[in-house]
Amino acid sequence: MRAPSDPDLELRGKLIRGLGSLREMLPGSFVERKRACGRPNCHCADGKNLHSQFQISVLVDGKPKALNIPAELAVKVREKIEMRRHFDSAAATICRLNLKRFLKEKETR
Ligand SMILES: [Zn+2]
């Protein structure tokens, strides 16, 4: 494989190829809430050892929703929401490179 000499194209290619690994991304933000369950004999009754409640805070059809996530999925969901950030960041960089290339090309017309 011939390496492209343009570092911008090299970076763009690298970012594009990396997008496939982000296909499981999820929207919204990850929220961890602490709460008491209300059972008087539970360890949370002291108000300190509270339970963790995990949620995705997200817009669904334009309306803000807080979706509960089972604790065993929390790590996975957090990663998938993080993927969105990487995706947005990659898209912003790709657009910046393309704009730069476009403006350069425009000048040489
Ligand atoms: Zn409890």
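Residues numbered from 1 in each chain as written. Predicted model: local features only at pLDDT ≥ 70, side-chain atom pairs only at ≥ 80, totals over all residues. Heavy atoms only, no water.

Digging into the overall build of the protein
Here comes step 1: Along its length, the protein carries two helices and three strands.
Here comes step 2: In the protein, the succession of α and β elements from N to C terminus is α-β-β-β-α.
Here comes step 3: Burial statistics for the protein: of 109 residues in total, 19% are counted as buried.
Here comes step 4: When contacts within the protein are restricted to residue pairs at least 6 apart in sequence, long-range pairs at least 24 apart make up 52% of them.
Here comes step 5: Split by element, the accessible area of the protein, about 8700 Å² in all, is 55% carbon and sulfur.
Here comes step 6: Positive and negative charge centroids in the protein, built from 23 and 13 side chains respectively, lie 2 Å apart. (Helix = DSSP H or I, 4+ residues; strand = E, 2+ residues; numbered from the N terminus. Buried < 20%, exposed > 50% of the residue type's maximum accessible area, 1.4 Å probe, protein only. Contact = heavy atoms within 4.5 Å. Areas by Shrake-Rupley, 256 points an atom, 1.4 Å probe, with all protein chains shown as cover. Lys, Arg positive; Asp, Glu negative; His and termini not counted. Charge placed at Lys NZ, Arg CZ, Asp CG, Glu CD.)

A word on the sheet that holds strand E1 (residues 29–35)
Hydrogen bonds along the backbone pair up the strands of a sheet, which may run parallel or antiparallel.
Here comes step 1: Ordered in space as E1-E2-E3, the three strands form an open sheet in which the pairing is antiparallel. A strand with exactly one partner marks an edge of an open sheet, and here the two such strands are E1 and strand E3 (63–69). On average, each strand axis in the sheet is tilted by 35° relative to the strand beside it, whichever way the strands run.
Here comes step 2: Summarising the sheet, E1 and strand E2 (residues 51–60) pair through seven bridges and their orientation is antiparallel. Residue Phe 30 lies in a different strand from E2, and its bridge partner there is Ile 56. (Pairing = 2+ DSSP bridges. Axes fitted to C-alpha atoms, helices over the stretch in contact; angles between N-to-C directions.)

Focus: the coordination of the zinc ion
Here comes step 1: The coordination sphere of the zinc ion contains the protein donors Cys 37 (SG), Cys 42 (SG), Cys 44 (SG) and His 51 (NE2), at a distance range of 1.9 to 2.3 Å.
Here comes step 2: With relative accessibility at 14%, the residue Cys 42 sits in the buried group. (Donors = N, O, S within 2.8 Å, 3.2 Å for Na, K, Ca; no water.)

Focus: helix H2 (residues 74–107)
Here comes step 1: Its 34 residues give H2 an end-to-end C-alpha distance of 50 Å, which sits within 8% of 50 Å, the value for a rise of 1.5 Å per residue.
Here comes step 2: The set of residues buried in H2 consists of Ala 74, Val 77, Ile 81, Met 83, Ala 90, Thr 93, Ile 94 and Leu 97.
Here comes step 3: Buried residues along H2 sit against helix H1 (7–19), E1, E2 and E3. (Expected span 1.5 Å × (residues − 1).)

Considerations on the side chain of Gln 55
Here comes step 1: Turning to its location among the elements, Gln 55 is positioned in strand E2.
Here comes step 2: Residue Gln 55 is classed as buried on the basis of its relative accessible area, which comes to 10%.
Here comes step 3: Of the polar contacts made by the side chain of Gln 55, one reaches the side chain of Asn 68; its length is 3.0 Å.
Here comes step 4: Excluding residues that lie within four positions of it along the chain, Gln 55 makes contacts with Ser 29, Phe 30, Val 31, Arg 33, Ala 66, Leu 67, Asn 68 and Ile 69. (Polar contact = N/O pair within 3.5 Å; in protein donor to acceptor, adjacent residues only side chain to side chain.)

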